[in-house]
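Listed here are the chains, written in short residue letters.
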Protein chains: 2
Amino acid sequence: MKYGIVAFPSKKLQDLANTYRKRYDPHYAKITPHMTLKDAFDADEMQIEEISQKLSEIAKRFSPLTIHASRISSFFPTTNAIYFRVEPTPQLTKIHKEIQEQLQIGKPKHVFVPHITIAQKLSDAEHDDIFGQLRMIGVNEQETIDRIHLLYQLEDGSWTTYETFRLSGAE
Amino acid sequence: MKYGIVAFPSKKLQDLANTYRKRYDPHYAKITPHMTLKDAFDADEMQIEEISQKLSEIAKRFSPLTIHASRISSFFPTTNAIYFRVEPTPQLTKIHKEIQEQLQIGKPKHVFVPHITIAQKLSDAEHDDIFGQLRMIGVNEQETIDRIHLLYQLEDGSWTTYETFRLSGAE
């Protein structure tokens, strides 16, 4: 089964992201807006119990994530994905590193760039057009996220929450 | 904000439900297949903390839910929704009753009929046609669900998990 680890921002920020996603992101219906902490990985039922346990321990050490969605950026030319850039902080870098090191579930596909995707799978022309518009609109939202989610993927590509973990520590 | 309480069946049963939902349920993209324990209700941030706490206490008392999706039924003529009927059990009746009584979040809209919706908002003619076909195919799945979920709804109608609760008791 495929699993992933994400942090869902506030309803307000999810609603804002969805105003773009419903037009520009074919994954719109598969998952609500999120910040990925660990890309999709495979695990069986035995492994996921251990992963869940370790994630619980990590969550108990970290305090709620302070995030600042500061502008609209693009991964072009790597991909044509457009996203709310979330300012990197030592806290975000550290929780990402802990998840990677403790869970041992494969190396990350990319360098960790905290973000909330709002558009993807666009043609180059669409990307240039839409990115030009969205960059001007921008985004500026600050908030705290007090929990992280372990999700699993169904055959149709949609994601269901397996478990939530409250961030209840001090780091 | 609107909240709801559900139990998600196994990936296998969700995948099966989605084979029908993707064709016959306009809510297909808003939430993955689920058994509703409490219909949508309003709560503010203060209230939801208390509700979450009470739900946690209920979850600690109940053991994983044993369910048997035994046949395909319809709520016609009340609504045109078609669903996997989940056999009522004393355990399901009791957890539903506890949620109602402990959380004090409004009376249920309907008598509790445990089910997983696979088709809704059909015209009468579509309903008759599709129900006739699906009833013949039927369903027969038994499993246990070891957690329940408190969800909240975004403006576009989609649902995000707020918190999961493991059923870790004996009832």
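Below, the structure is looked at part by part. (Residues numbered from 1 in each chain as written. Chains lettered and ligands numbered in written order. Predicted model: local features only at pLDDT ≥ 70, side-chain atom pairs only at ≥ 80, totals over all residues. Heavy atoms only, no water.)

Section: the overall build of chain A
- Secondary structure assignment for chain A yields four helices and eight strands.
- Put simply, chain A runs from its N terminus to its C terminus through helices and strands in the order β-α-β-α-β-β-α-β-α-β-β-β.
- Computed over C-alpha atoms, the radius of gyration of chain A comes to 16 Å, within 12% of the 16 Å expected from 2.2 N^0.38 for 171 residues, which places it in the range of a compact globule.
- Considered along the principal axes of its C-alpha atoms, chain A spans approximately 45 × 35 × 25 Å. (Helix = DSSP H or I, 4+ residues; strand = E, 2+ residues; numbered from the N terminus. Rg over C-alpha atoms; globule rule 2.2 N^0.38 Å.)

Thoughts on the packing of aromatic side chains
- Summed over the entire model, instances satisfying the criterion amount to eleven aromatic pairs over all chains.
- Ring centres of A:Tyr20 and A:Phe84 lie 6.2 Å apart, and the angle between their planes is 85°; on these two criteria the pair is classed as edge-to-face. In this pair, A:Tyr20 sits in helix α1 (residues 11-24) while A:Phe84 sits in strand β4 (residues 82-86), placing the two residues 64 residues apart along the sequence. Across the pair, A:Phe84 and A:Tyr20 agree in class, each one buried.
- Within the aromatic cluster, the residues linked to one another by ring pairs are A:Tyr3, A:Phe41, A:Tyr152 and A:Tyr162.
- In this structure, A:Arg147 is placed above the aromatic ring of B:Tyr162, and the distance from its NZ or CZ to the ring centre is 4.0 Å. (Phe/Tyr/Trp six-rings, centres within 6.5 Å; stacked < 30°, edge-to-face > 60°. Buried < 20%, exposed > 50% of the residue type's maximum accessible area, 1.4 Å probe, protein only. Lys NZ or Arg CZ within 6 Å of the ring centre and 35° of its normal.)

Looking at the relation of the copies chain B and chain A
- Here chain B sits on chain A after a turn of 180° about the axis and a move of 0.0 Å along it, with an RMSD of 0.0 Å. Within this description, the copies of the chain are treated as partners about a two-fold rotation axis. Measuring from the rotation axis to each C-alpha of chain B, the shortest distance belongs to B:Ala29, at 2.5 Å.
- A high fraction, 100%, of the interface residues of chain B reappear at the interface in chain A, so the copies pair face to face through one surface. (Least-squares fit on C-alpha atoms with pLDDT ≥ 70 in both. Contact = heavy atoms within 4.5 Å.)

Observations concerning the environment of B:Ile99
Residue and element names in this part refer to chain B.
- As for its position among the elements, Ile 99 is in helix α3 (residues 90-103).
- Ile 99 sits in the buried class, given a relative accessible area of 0%.
- Along the primary structure Ile 99 and Lys 38 are separated by 61 residues, whereas in three dimensions their C-alpha atoms are 7.6 Å apart.

Here we look at helix α4 (residues 124-137) of chain A
All names here are of chain A.
- With 14 residues, α4 extends 20 Å between its outermost C-alpha atoms, agreeing within 8% with the 20 Å of an ideal straight helix rising 1.5 Å per residue.
- Residues His 127, Ile 130, Phe 131 and Leu 134 constitute the buried set of α4.
- Buried residues belonging to α4 abut α1, β3 (65-74), β4 and β5 (115-119).
- Of the residues flanking the end of α4, it is Gly 138, one or two places downstream, whose phi is positive at about 70°. (Expected span 1.5 Å × (residues − 1).)

Topic: a negative patch on the surface
- Where like charges cluster on the molecular surface, the negative patch consists of A:Asp124, A:Glu126, A:Asp128 and A:Asp129.
- Along the chain, A:Asp129 falls in helix α4. (Patch = residues over 30% accessible without salt bridge, like charges linked within 9 Å, V, L, I, M, F, W, Y side chains within 5 Å. Areas by Shrake-Rupley, 256 points an atom, 1.4 Å probe, with all protein chains shown as cover. Salt bridge = Lys/Arg side-chain N within 4 Å of Asp/Glu carboxyl O. Lys, Arg positive; Asp, Glu negative; His and termini not counted. Charge placed at Lys NZ, Arg CZ, Asp CG, Glu CD.)

Some words on the interface of chain B and chain A
- Of the residues lining the interface, 29 residues belong to chain B; the matching set on chain A comes to 29 residues.
- Of the roughly 2,200 Å² buried where chain B meets chain A, counting both sides, 44% is carbon and sulfur surface.
- When the buried area of chain B at its contact with chain A is split by residue, B:Lys11, B:Leu154 and B:Arg166 rank highest and sum to 23% of it.
- The salt bridge partner of A:Lys11 is B:Glu155, with a shortest N-O separation of 2.4 Å.
- Applying the counting criterion to the chain B and chain A interface returns 24 residue pairs in polar contact (both at pLDDT 80 or more).
- Of all the elements in the fold, those that place two or more residues in the side of chain B that touches chain A are α1 (11-24), α2 (45-61), β7 (147-153) and β8 (159-166) of chain B.
- Residue contributions to the side of chain B that touches chain A peak at seven residues, all from β8(B).
- The residue inventory of the side of chain B that touches chain A, partitioned by class, reads ten nonpolar, ten polar and nine charged. (Buried area = accessible area lost by both parts, 1.4 Å probe. Polar contact = N/O pair within 3.5 Å; in protein donor to acceptor, adjacent residues only side chain to side chain. Nonpolar A, V, L, I, M, F, W, Y, C, P; charged D, E, K, R; others polar.)

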